[in-house]
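Read off the chains here:
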Number of protein chains: 2
Amino acid sequence: MVNFMNILKEKNLKATPQRISVLKELHKNEHPTIDGLYEAIKKDYPSISLATVYKNVHTLKENGIIIEVNMPNGKMRYDIFTKPHIHIVCKNCNSVEDMDYDKQLCDYQKNLEAKGNIEIDRLDVIATVERCKHCSQ
Amino acid sequence: MVNFMNILKEKNLKATPQRISVLKELHKNEHPTIDGLYEAIKKDYPSISLATVYKNVHTLKENGIIIEVNMPNGKMRYDIFTKPHIHIVCKNCNSVEDMDYDKQLCDYQKNLEAKGNIEIDRLDVIATVERCKHCSQ
DNA sequence: CTATTTGCAAACCCTTTGCAAAAAT
DNA sequence: ATTTTTGCAAAGGGTTTGCAAATAG
């Protein structure tokens, strides 16, 4: 069980039930859209407003607690950030899966930095597949 | 000089002056936003409408003549597609630069496919930098 | 007690759509 | 002559904002 209270306290964010719900939902259901979050949270917390979900997602993102994943179609999804990873997106069922940011990718990043004479702040990698295991059943 | 007429004819698209303007602008100024395209084209073609720019960009994208680049901030930019490449985005000045999709990345993709038991349709790589050569002047 | 957060409604993008007129082939 | 494309204005969808009331610390 993750201690959301501590995560929020560390960043001096108030632990409102709405905010905890957002974190819980992000922990349970990975990569939801804003609307997916909203709909899911409403089941436990019917009075929550969409604006509150937006505001919380914004605050959590600003504080590095969650990350925004920009899907190839331009829709945003959200993800509790634990460690660097890349995303596999399925065109057919729209599911998103994480894969580790491995040594090979790390080496690639280093070479890219050398080749382009740049310092990369962040490397987003999104692999799109036509179908995935989730949608072939 | 690129022959836009032939590119369009190959895809059975009509060569209207508006469409040619969109292609010309994408060829000259790389990675514009829709609005950037619109503003630039208006100088030569003041009567063009924003809807026409949207429609043309959509059509050109559908026909594989241009690609949509999904910026980390969620804004879309457009790019005449010639060969596979990745994007370097500057956080500071918002410029976008291309770099080749090289052998190392190709190998990475192959291993990722093996590791995840997937067939990747497309791999989007966006490196974000804090500042770039364009904005340090 | 103070600062933050919530919820509502309005405002604000940006993008798409329907349709009649214009233009391309 | 036929089909596509344009331009306009309206509609649509998602996100942000202002503000007073509620809540957390």
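Quantities reported herein were computed from a predicted structural model and do not represent experimental measurements. (Residues numbered from 1 in each chain as written. Chains lettered and ligands numbered in written order. Predicted model: local features only at pLDDT ≥ 70, side-chain atom pairs only at ≥ 80, totals over all residues. Heavy atoms only, no water.)

## With respect to the domain arrangement of chain A
Residues and elements named next belong to chain A. Convention followed: These domain limits were set by an automatic method or by a database of domain assignments. Note on definitions: a residue-residue contact is assigned when non-hydrogen atoms from the two residues lie within 4.5 Å. Buried area: the accessible area, evaluated with a 1.4 Å probe, that two parts lose upon being put together, summed over both parts.
Parsing chain A into structural domains produces domain 1 (1–82) and domain 2 (83–137). Taking only C-alpha atoms into account, the centre of domain 1 sits 22 Å from that of domain 2. Taken together, the contact pairs 13 residues of domain 1 with 11 residues of domain 2. Counting the surface lost from both domain 1 and domain 2, the interface buries some 890 Å², and carbon and sulfur atoms represent 60% of this.

## A short note on the nonpolar core
Selection criterion: Side-chain atoms within 4.5 Å are what join buried Ala, Val, Leu, Ile, Met, Phe, Trp, Tyr and Cys residues into a set we call a nonpolar core. A simple rule labels every residue: compare its accessible area, found with a 1.4 Å probe on the protein chains alone, to the largest value its type can have, and call it buried under 20%, exposed over 50%, or partly exposed in between. Secondary structure follows DSSP: runs of H or I at least 4 residues long count as helices, runs of E at least 2 residues long count as strands, and numbering of each begins at the N terminus.
Residues A:Ile86, A:Leu112, A:Leu123, B:Ile86, B:Ile88, B:Leu112 and B:Leu123 are the most contacted members of the largest nonpolar core, which totals 30 residues. Only strand E3 (85–90), helix H5 (103–116) and strand E5 (120–129) of chain A together with strand E3 (85–90), helix H5 (103–116) and strand E5 (120–129) of chain B provide two or more residues apiece to this core. Counting residues in each nonpolar core, the second largest holds 20 residues, with B:Phe4, B:Leu23, B:Ile65 and B:Met76 among its members.

## Let's talk about the interface of chain B and chain A
Heads up, the rule is: Between Lys or Arg on one side and Asp or Glu on the other, a salt bridge is scored when a side-chain nitrogen of the former is within 4 Å of a carboxyl oxygen of the latter. Under this definition, polar contacts are N or O atom pairs within 3.5 Å; protein pairs additionally need one hydrogen-donor-capable and one acceptor-capable atom, and for neighbouring residues in sequence, both atoms have to be side-chain atoms. Only Asp, Glu, Lys and Arg are considered charged, only Ala, Val, Leu, Ile, Met, Phe, Trp, Tyr, Cys and Pro nonpolar, and every remaining residue, Gly among them, polar. Between any two strands, at least two bridges found by DSSP are needed for them to pair.
If you look at the interface, chain B gives 34 residues, while chain A gives 34 residues. Buried surface at the junction of chain B and chain A, both sides included, amounts to about 2700 Å², of which 54% is carbon and sulfur. The largest contributions to the chain B side of the interface with chain A come from B:Gln104, B:Tyr108 and B:Asp121, which together make up 21% of the buried area. Summed over the shared surface of chain B and chain A, the number is four salt bridges. In this structure, A:Asp121 and B:Lys91 form a salt bridge, with 2.9 Å as the shortest nitrogen-oxygen distance. Applying the counting criterion to the chain B and chain A interface returns 15 residue pairs in polar contact (both at pLDDT 80 or more). Broken down by secondary-structure element, the contributors of at least two residues to the side of chain B that touches chain A are strand E1 (66–70), E3, H5 and E5 of chain B. Tallying contributions element by element places E5(B) first for the side of chain B that touches chain A, with 10 residues. Of the residues contributing to the side of chain B that touches chain A, the split by class is 16 nonpolar, seven polar and 11 charged. Two elements, E5(A) and E5(B), share nine bridges in a ladder whose sense is antiparallel. In the strand pairing of E5(B), A:Thr128 is matched with B:Arg122.

## Some words on the protein's contact with DNA strand D
Put simply, the rule reads: Being near a molecule or strand, for a residue, comes down to having at least one heavy atom within 4 Å of it.
The immediate surroundings of DNA strand D are formed by 19 residues, with A:Tyr54, B:Lys14, B:Thr16, B:Arg19 and B:Lys55 found nearest. Each atom of DNA strand D within 4 Å of the protein was classed as base or backbone; sugar and phosphate made up 70%. One nitrogen or oxygen atom from the side chain of A:Lys14 is found 3.1 Å from a base nitrogen belonging to DNA strand D. Within the side chain of B:Lys55, an N or O atom sits 2.5 Å from a base oxygen of DNA strand D. At the level of secondary structure, the elements contributing two or more residues to the surface near DNA strand D comprise helix H4 (50–62) of chain A together with helix H2 (17–28) and helix H4 (50–62) of chain B. The biggest single contributor to the surface near DNA strand D is H4(B), with four residues.

## Describing the pairing of strand E2 (residues 76–80) of chain B
All names here are of chain B. Most of E2 sits inside the fold, with five of its five residues counted as buried. Both faces of E2 are covered, namely the face carrying Met-76, Tyr-78 and Ile-80 and the face carrying Arg-77 and Asp-79. Pairing of E1 with E2 involves five bridges; the strand directions are antiparallel. Directly across from Ile-67, in E2, lies its bridge partner Asp-79. Here E1 folds back onto E2 in antiparallel fashion, the turn holding five residues, of which Gly-74 has a positive phi close to 95°.

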